[in-house]
Amino acid sequence: MAGAKSAGYKLATYKSSDGPRAGIIVGNEVFDAAKLTGKPAYATVMGILADWKAAEGALKKAAAGAAKSRAKRQPLSKTKLLAPLRFPSAIYCAGANYSDHAAEMAAREGNPRPPDPHTLGLKAWHFLKAAGAITDPGATVKISHYAKSMDWEVELAAVIGRTCKDVPQAKALSYVAGYTIANDLSARDRGRRASVPDASPFKWDWTKHKTFEGSCPLGPWIVPAGDIGDPQKLGLKLWVNGVLKQNSNTSDMIFNLAEQIEQLSAGMTLYPGDLILTGTPAGVGAGRGEFLKAGDVVKLWVENIGEIENRMA
């Protein structure tokens with residue numbers, strides 16, 4: 001399960017002597033995106049996404065001719081991959097978007113299983129993470145100084161490739177450039193503000209709960225949307241120290257990705273490079289009374305994309 005489905009290429013950010021650079025992964029080799037395509041603006045993934053309408057074809061053409069190209073290449077096994085996106089303008093995170101996860105969190109609070117929001121006329125809802133939350137695959141995430149109840153959440157992340165606003169569901173997926181993997185790390189014990197009554201609308205602190213440094217491990221690369229096909233038919237799993245904790249499929253989302261894009265873009269512009277974390281299934285630590293501690297290794301896998309792993313400290 002370590003690799004992605006055979007595809008023309010994968011888009012990545014890699015560590016070079018010149019700093020972070022956009023890379024095109026073809027097979028087991030990494031090419032510098034700007035040098036392989038001959039387009040200096042493609043030195044960063046954000047630069048590529050800003051020109052996605054043209055870049056999509058340029059990258060595919062470059063990848064097809066990579067084997068015969070004189071462009072310098074390096075083995076993927078010897079390349080340090082960084083988070084594919086460095087500083088997107090926004091990271092939107094779907095809340096309670098798998099029915100089994102919504103049920104386990106309701107049970108944690110002693111509440112009954114919530115009804116399908118569609119039956120109540122509700123739309124998808126999201127919270128935000130700051131761009132500084134993004135961390136690299138393989139990086140160590142420092143948690144022990146920040147929270148005692150640190151939780152894991154495997155999520156499919158969609159990368160917006162074209163500026164859009166007020167997008168209908170039927171056209172929503174055409175604005176997606178590709179997909180990657182995210183871990184929406186959550187500091188459960190930082191979510192409630194101390195000394196504020198439980199009934200107060202100001203009880204919750206989503207910033208401290210969700211958007212601390214390192215709270216969004218991302219990667220290892222972006223697989224183009226055309227190589228993924230239907231984003232609602234992907235398996236996803238998460239292990240802690242080799243023990244399987246989450247095992248589900250994106251078909252179990254309450255609000256599918258097209259619904260999420262329609263709702264997010266209603267009256268608001270989405271920009272190239274914006275990330276949408278689409279929600280997590282049941283199996284999080286809060287539902288089990290288990291939380292991450294220093295030394296734990298968390299591995300995530302999403303079908304047709306690959307896997308990422310991070311150690312806690």
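Residues numbered from 1 in each chain as written. Predicted model: local features only at pLDDT ≥ 70, side-chain atom pairs only at ≥ 80, totals over all residues. Heavy atoms only, no water.

Topic: the sheet that holds strand β15 (residues 235-240)
Whenever strands of a sheet pair, they do so through backbone hydrogen bonds, lying parallel or antiparallel.
Part 1: The sheet built from five strands is open, its strands ordered β9-β19-β18-β15-β16 with mixed pairing. Strands with a single pairing partner mark the edges of an open sheet, and in this sheet they are β9 (140-141) and β16 (243-249). (Pairing = 2+ DSSP bridges. Helix = DSSP H or I, 4+ residues; strand = E, 2+ residues; numbered from the N terminus.)

Concerning the pairing of strand β12 (residues 176-183)
Part 1: Among the eight residues that make up β12, eight are buried, leaving the element largely enclosed by the rest of the structure.
Part 2: Across seven bridges, strand β11 (residues 154-160) lies against β12 in antiparallel orientation. Bridge pairing in β12 links Val 154 to Asn 183.
Part 3: Sheet topology places β12 next to strand β14 (residues 216-224); four bridges connect them, and they run antiparallel. In the sheet register, Ile 181 faces β14, and the bridge partner there is Gly 219. (Buried < 20%, exposed > 50% of the residue type's maximum accessible area, 1.4 Å probe, protein only.)

Regarding the nonpolar core
Part 1: With 51 residues, the main nonpolar core has Met 150, Tyr 179, Ile 261, Leu 292 and Ile 305 as its most contacted residues.
Part 2: Those residues within four positions of Leu 292 in sequence are excluded, and the remaining contacts are Ile 143, Met 150, Asp 151, Trp 152, Leu 185, Val 240, Val 298 and Met 312.
Part 3: Residues Ala 33, Ala 83, Ala 177 and Leu 277 belong to the second largest nonpolar core, which totals 36 residues. (Core = buried A, V, L, I, M, F, W, Y, C linked by side-chain atoms within 4.5 Å. Contact = heavy atoms within 4.5 Å.)

Observations concerning the side chain of Ser 149
Part 1: Looking at where Ser 149 falls in the secondary structure, it is placed in the loop between β9 and β10 (150-151).
Part 2: Using a relative accessible area of 17% as the deciding quantity, one classes Ser 149 as buried.
Part 3: Setting aside residues no more than four positions away along its own chain, Ser 149 makes contact with Ser 186, Ala 187, Arg 188, Asp 189 and Phe 291.

What about the state of the cysteines?
Part 1: Within this structure, the stated rule accounts for zero disulfides.
Part 2: Just so you know, Cys 93 is unpaired, no disulfide at all, and the nearest cysteine sulfur is the one on Cys 216, 6.4 Å from it.
Part 3: Relative accessible area serves as the criterion here: at 0%, Cys 216 is assigned to the buried category. (Disulfide = S-S within 2.5 Å.)

Details of the packing of aromatic side chains
Part 1: Enumeration over the complete set of coordinates arrives at five aromatic pairs.
Part 2: Chaining the aromatic ring pairs together yields one cluster made of Trp 125, Phe 127, Trp 204 and Trp 206.
Part 3: Positioned above the aromatic ring of Phe 212 is the side chain of Lys 129, whose terminal nitrogen or guanidinium carbon lies 6.0 Å from the ring centre.
Part 4: The residue whose ring lies beneath Arg 162 is Tyr 175, and the NZ or CZ to ring-centre distance is 4.2 Å. (Phe/Tyr/Trp six-rings, centres within 6.5 Å; stacked < 30°, edge-to-face > 60°. Lys NZ or Arg CZ within 6 Å of the ring centre and 35° of its normal.)

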